[in-house]
Number of protein chains: 2
Amino acid sequence: MLEKFLETVKKHNMIKKGEGIVVGVSGGPDSISLLHLLWRIKEEYNLSLYAVHLNHQFRGKEADEDADYVEKFCENLGIKSFIFSENVAEYSKKKGVTFEEAGREIRYRLFESVMKKMKAHKIAVAQNMDDQAETVLMRLIRGTGIEGLSAIDYVRDNKIIRPLLDIKRYEIEDYCEKNNLMPRIDKTNLEALYTRNRIRLELIPYIEKHFNVNIKQTLSRTANIIREDKEFINISVQKVYKKIVKKTESEIKIYKEEFEKSHIAIKKRILREAIRELSGDLKNIQNKHIQNLIDLIKDGQVGGEAYLPKGLCAILDYDVIIIRKGKREIEKYDFEYNINIGETLNIKELDACFISNIINVKDLQKINKESYKTYFDLDKLKKGMILRTRREGDRFTPFGMKGSKKLKDFFIDAKIPREERDKIPLVCDGEEIMWIIGHRISEKYKVDQNTKNVLVLTYKKNQ
Amino acid sequence: MLEKFLETVKKHNMIKKGEGIVVGVSGGPDSISLLHLLWRIKEEYNLSLYAVHLNHQFRGKEADEDADYVEKFCENLGIKSFIFSENVAEYSKKKGVTFEEAGREIRYRLFESVMKKMKAHKIAVAQNMDDQAETVLMRLIRGTGIEGLSAIDYVRDNKIIRPLLDIKRYEIEDYCEKNNLMPRIDKTNLEALYTRNRIRLELIPYIEKHFNVNIKQTLSRTANIIREDKEFINISVQKVYKKIVKKTESEIKIYKEEFEKSHIAIKKRILREAIRELSGDLKNIQNKHIQNLIDLIKDGQVGGEAYLPKGLCAILDYDVIIIRKGKREIEKYDFEYNINIGETLNIKELDACFISNIINVKDLQKINKESYKTYFDLDKLKKGMILRTRREGDRFTPFGMKGSKKLKDFFIDAKIPREERDKIPLVCDGEEIMWIIGHRISEKYKVDQNTKNVLVLTYKKNQ
């Protein structure tokens, strides 16, 4: 295992002699092995190691024990450790991000601060080949391009390194056992609890059994091949971008003639990059927005406009396209999200979030039913859940009724004004409406005397 | 549906007015809908339509009925039809390709001949969005890059068109019903019978239920996005290729200095393209062979050589790398293939093929056991099957014995000469050896009184 680890380190030029390395250590098998391996090459590479642990304050005593374990483990190896403690759940609520995103943000902030303080050079984190394979599958299932499929980088910005990315989880577990490291149970599976765990525990074993025993290596290799292509395309984009894009404080100009000469794959990325440069990130920017811009530039009249999320607009001028922070915000209420149980979903159009959980029917009495919090019989769900606005032809079977009616008629009967109807989010099981949020649940999904697993759904306006 | 079909046709500029179109018609819902849709726009577009059907001679009477049905269907619509009949199974054996590959080769040959004869312009085939999604998943599972993930093209060489690629299978079935087309049961599922059917019937429904109801659209969109990137990269490769590659009859020269300036993603494709140009195709060329060449060019001494499959070799000269048909063939006996039940596997290293089938235990007496044909209890398999050469540390539990022994010892006891041992293919269930082909099966997988499903494996030297 040490050889495999060193091979990865050398192949990707991860570590230079004499460097200081901040190591993220949860206390699980991955990060403990990583720290142990780095410690073994400490002398040869003349490294300074700093372990950083974050107590997520999530499972009270257990989390404290994790922190104690990491502290002692480091003490035994003579590695300086930094143990932090923050209320990640609270932070996640405040920022409207998932628990795992919150944890990641806080951890990387801490890594950076320790790196600065100790004048270190690198941050080492412990993702392994299983994580890589799961990430590829997860992104493919959610929808992605080559950016997503190239998954986890070995080295990012010549700073963050992942030396375990070619090593499988079971090899790491073996390593811990052989070296008697006694790691804590890994709790890194918090992200997309439902999705990632299902991929790990069901989907990958299923593919291994029926299609390809080596699926993890296969996916890891695919990510590596695609990463090269991604790099090449990004370099090509940067070359063109520098030539044809000019930024001032409040707007970006793209020179049309040169733009039109570029390949569509490059055009789309130039527009994305321009939006990112202007507004800081690409949140809420979808492929269809970019396609609108492409169409505007191709067929549009001088003076033509297109509106983008984040209050941006694009104006077609004679020889340039201008993207600027516009005044009109004309987001249409027309959205559709997949719901992953256990994850917080942000509904940016409504400045709200949506939470789903599963509980045992025995715990049902503990839940208060409210307009924006309700429950269903999980086992009555047939497809996957989506959250979307209404559509032509929608039908609904209101709680307490037998037959279905047109959703439109339901709205009329409920005296909901026309201009409000587009803003009411609907939770659906495939095509079937389960819940008109804030109004009524469907008869078809109600909890009854046979219910075993209860799906609890909560909708919350952000403060 | 007609609108959706026309949208795809227009978006990809598939058909011009006045063109002649050869339509591949199996008689299944997809191809019958395609023909019907083309017939509906025949007048508006002033099209000449030619239906081509191939009787595969696979299921005797049924296949004849398919052909009759297609002929009558065309007669009713006033479309000229060409009905061919060929023994695809025989062709497949002769050429050592799968049944589906054989069918495809023959069909496209027939399409081309009809196109030429009738002076037509396009060949229309009937893949749908489900086929697209299945192809993306299948390729991802087997291992691929962006070439594979961009999956099925809408238009190929401005000749082959696929106007149903944005339409889902159930929409096509609805269309057939509404228009009373009465298609034959689709038998297009012959390719990778086991793999593709499992993806269609198990894997996609599972993903729809647990992860993403819209997985088919998601995968189709991903393929479309990646296809743009693939095109851009290919164009970039062609530009460099023209500049730095020179071909004579028996060898290809690549100018080193310019080659070294290219990005790794481009380098790899230039080498592949050179090999393809020299030897006609890229069969048996793996990523590792290309990597060997990259390493040779980067670090190699002038005069250094690398050997490739297909009897090719590469020689490093002062300012060029030369790829030519070499004399020495030094294929090492070190291979590993995944076995997909129901597919013929070609073991190129041994010039042999390998066939796997499942039968009911009741039919066991019909099978003759031979050195190169044997059977196992299917339900004792735990992982996926692979076929590979021996490896350090292999162990084996010979039929009739209780404990396991080193494979090496088995070979010694069986008096198999050292130089033969690398050439003996092993069938494994994950890590566990099931069959030392030509010698012995494993006790652990034998058929016993509880066996229900029998796995029949056959190994054949090509003539």
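Residues numbered from 1 in each chain as written. Chains lettered and ligands numbered in written order. Predicted model: local features only at pLDDT ≥ 70, side-chain atom pairs only at ≥ 80, totals over all residues. Heavy atoms only, no water.

A.B. asks: Help me out: how do you make sense of unusual backbone geometry in this one?
C.D. replies: Both trends apply: most residues other than glycine have a negative phi, and most peptide bonds are in trans. At A:N158, a position not held by glycine, the phi torsion is positive, near 50 degrees. Along the chain, A:N158 turns up in the loop between strand 5 (155-156) and strand 6 (160-161). Although it is not a glycine, B:K119 sits at a positive phi angle of roughly 50 degrees. Relative to the elements of secondary structure, B:K119 occurs in the loop between helix 6 (99-117) and strand 4 (122-124). B:K119 gets classed as exposed once you look at its relative accessible area, which sits at 69%. (Helix = DSSP H or I, 4+ residues; strand = E, 2+ residues; numbered from the N terminus. Buried < 20%, exposed > 50% of the residue type's maximum accessible area, 1.4 Å probe, protein only.)

A.B. asks: Whenever I open this one, the relation of the copies chain A and chain B confuses me. Can you help?
C.D. replies: Each of the two copies of the chain can be brought onto the other by a rotation about an axis and a shift along it. Least-squares fitting of chain A to chain B yields an RMSD of 0.1 Å, with the transformation described by 0.0 Å of translation along the axis and a rotation of 180 degrees. The superposition operator between the copies reduces to a two-fold rotation axis. When you check the interface residues of chain A against chain B, 100% turn up at the interface there too, and the contact is symmetric in its surfaces. (Least-squares fit on C-alpha atoms with pLDDT ≥ 70 in both. Contact = heavy atoms within 4.5 Å.)

A.B. asks: Explain the interface of chain A and chain B here, please?
C.D. replies: Often, the extent of an interface is quoted as the loss of accessible area on bringing the components together. Of the residues lining the interface, 53 residues belong to chain A; the matching set on chain B comes to 53 residues. It is A:L140, A:F211 and A:F232 in chain A that bury the most area against chain B; as a group they hold 16% of the surface buried on that side. Linking chain A with chain B are four salt bridges. Put simply, A:R269 and B:D229 hold a salt bridge, and the shortest N to O gap is 2.8 Å. Summed over the shared surface of chain A and chain B, the number is 16 residue pairs in polar contact (both at pLDDT 80 or more). Looking at the side of chain A that touches chain B, the elements that each hand over two or more residues are helix 7 (129-142), helix 8 (146-149), helix 10 (193-210), helix 11 (215-244), helix 13 (264-279) and strand 12 (336-338) of chain A. Taken together, the residues that form the side of chain A that touches chain B break down as 25 nonpolar, 15 polar and 13 charged. (Buried area = accessible area lost by both parts, 1.4 Å probe. Salt bridge = Lys/Arg side-chain N within 4 Å of Asp/Glu carboxyl O. Polar contact = N/O pair within 3.5 Å; in protein donor to acceptor, adjacent residues only side chain to side chain. Nonpolar A, V, L, I, M, F, W, Y, C, P; charged D, E, K, R; others polar.)

A.B. asks: Please clarify how the packing of helix 13 of chain A against helix 11 (residues 215-244) of chain B should be interpreted in this entry.
C.D. replies: To describe two helices that pack against each other, one gives the angle between their axes and the distance between the axes. Interhelical geometry of helix 13 of chain A versus helix 11 of chain B gives an angle of 115 degrees and a closest axis separation of 8 Å. For the pair helix 13 of chain A and helix 11 of chain B, contact is made by A:I264, A:A265, A:I266, A:K268 and A:R269 and by B:E228, B:D229 and B:F232, respectively. Residues belonging to the contact of helix 13 of chain A with helix 11 of chain B are distributed by class as follows: four nonpolar, no polar and four charged. (Axes fitted to C-alpha atoms, helices over the stretch in contact; angles between N-to-C directions.)

A.B. asks: Just checking my understanding: could you explain a negative patch on the surface for this structure?
C.D. replies: Residues and elements named next belong to chain A. Together, D64, D68, E71 and E75 give the surface a local cluster of negative charge. In this structure, E75 sits in helix 4 (residues 60-77). Judged by relative accessible area, which is 61%, E75 ranks as exposed. (Patch = residues over 30% accessible without salt bridge, like charges linked within 9 Å, V, L, I, M, F, W, Y side chains within 5 Å. Areas by Shrake-Rupley, 256 points an atom, 1.4 Å probe, with all protein chains shown as cover. Lys, Arg positive; Asp, Glu negative; His and termini not counted. Charge placed at Lys NZ, Arg CZ, Asp CG, Glu CD.)

A.B. asks: Please clarify how the UniProt feature "binding site: ATP" (unreviewed entry) in chain A should be interpreted in this entry.
C.D. replies: Residue and element names in this part refer to chain A. The UniProt record marks S26, G27, G28, P29, D30 and S31 with the feature "binding site: ATP" (unreviewed entry), using the residue numbering of this structure. Tracing the backbone shows G27 in the loop between strand 1 (20-24) and helix 2 (29-40). Discounting residues that sit within four places of it in the chain, G27 has contacts with I32, Y69, V70, P183 and R184. Here G28 lies in the loop between strand 1 and helix 2. (UniProt positions renumbered as here; feature names shortened; annotations may be inferred.)

A.B. asks: How do you make sense of helix 13 (residues 264-279) of chain B when you look at a structure like this?
C.D. replies: Note on helix geometry: an α-helix contains 3.6 residues per turn, so any two residues three or four positions apart are oriented the same way. Residue and element names in this part refer to chain B. Over its 16 residues, helix 13 extends 23 Å from the first C-alpha to the last, a length consistent with the 22 Å expected when each residue adds 1.5 Å. Those residues of helix 13 that sit buried are A265, I266, K267, K268, R269, I270, L271, E273, A274, I275 and L278. After helix 13 finishes, the residue G280 shows a positive phi value of roughly 95 degrees. (Expected span 1.5 Å × (residues − 1).)

A.B. asks: How should the packing of aromatic side chains be read in this particular structure?
C.D. replies: Within a pair of aromatic rings, the relevant descriptors are the distance that separates the centres and the angle that separates the planes. Residues and elements named next belong to chain A. A complete count under the given rule lists 19 aromatic pairs over all chains for this structure. Both rings, one in Y206 and one in F211, keep their centres 5.9 Å apart while their planes meet at 75 degrees; by these two values the pair is edge-to-face. Here Y206 falls in the buried class, since its relative accessible area comes to 19%. An angle of 55 degrees between the planes, with centres 6.2 Å apart, marks the rings of F376 and W435 as tilted. You can see F376 sitting in strand 15 (residues 373-377) and its partner W435 sitting in strand 20 (residues 432-436), a full 59 residues away along the chain. In terms of burial, F376 and W435 fall into one category: buried. Over the face of the ring belonging to Y45 we find K17, whose NZ or CZ atom lies 5.7 Å from the ring centre. (Phe/Tyr/Trp six-rings, centres within 6.5 Å; stacked < 30°, edge-to-face > 60°. Lys NZ or Arg CZ within 6 Å of the ring centre and 35° of its normal.)

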